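Summary of structural features
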Amino acid sequence: MDLGRKSSGIGRMILLVLIGAAIGTLIGFGLEKYGILSPFLRPAVIDIPSHTYLDFFFLSLSFGIRLNITAATLLGALGGYYLSRKW
């Protein structure tokens, strides 16, 4: 193990951004339940349907993803990024 080498922390940054986004989403759902800031907490949906196929002769792959992003999710992700830079 090299003691003089410092890790870049990319994995830690990605993990903290994802944790921050998840916490922001949970807080956003809680605020939306009580009607606080509800116009800002409506999700923007990014949807790639699951009938997108990549077909080979021997293998068929289907791709699909759906992202629901709210303002609280973005704020949580930014908070996680800020923590990763300070920590």
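Computed from a predicted structure; not experimentally measured.

Thresholds, definitions, all that
Residues numbered from 1 in each chain as written. Predicted model: local features only at pLDDT ≥ 70, side-chain atom pairs only at ≥ 80, totals over all residues. Heavy atoms only, no water. Pairing = 2+ DSSP bridges. Helix = DSSP H or I, 4+ residues; strand = E, 2+ residues; numbered from the N terminus. pLDDT = per-residue confidence, 0-100. Phe/Tyr/Trp six-rings, centres within 6.5 Å; stacked < 30°, edge-to-face > 60°. Buried < 20%, exposed > 50% of the residue type's maximum accessible area, 1.4 Å probe, protein only.

Moving on, we come to the pairing of strand β2 (residues 60–69). In regular strands, side chains alternate between the two faces of the sheet. Sheet topology places strand β1 (residues 44–55) next to β2; nine bridges connect them, and they run antiparallel. The residue bridging Asp55 from the neighbouring strand is Ser60, located in β2. Linkage of β1 to β2, two consecutive antiparallel strands, is achieved through a turn of four residues.

Note: predicted coordinates in regions of low pLDDT should not be interpreted at a detailed level. For the chain, per-residue confidence averages 84 on the pLDDT scale, and 92% of positions sit at 70 or higher. The weakest mean pLDDT in the chain belongs to β1 at 79; the strongest belongs to helix α2 (residues 71–86) at 92.

Turning next to the packing of aromatic side chains. Applying the stated rule across the entire model yields one aromatic pair. Here Phe56 and Phe58 contribute two aromatic rings whose centre-to-centre distance is 6.1 Å and whose plane-to-plane angle is 15 degrees, an arrangement assigned as stacked. Since its relative accessible area comes to 73%, Phe58 is described here as exposed.

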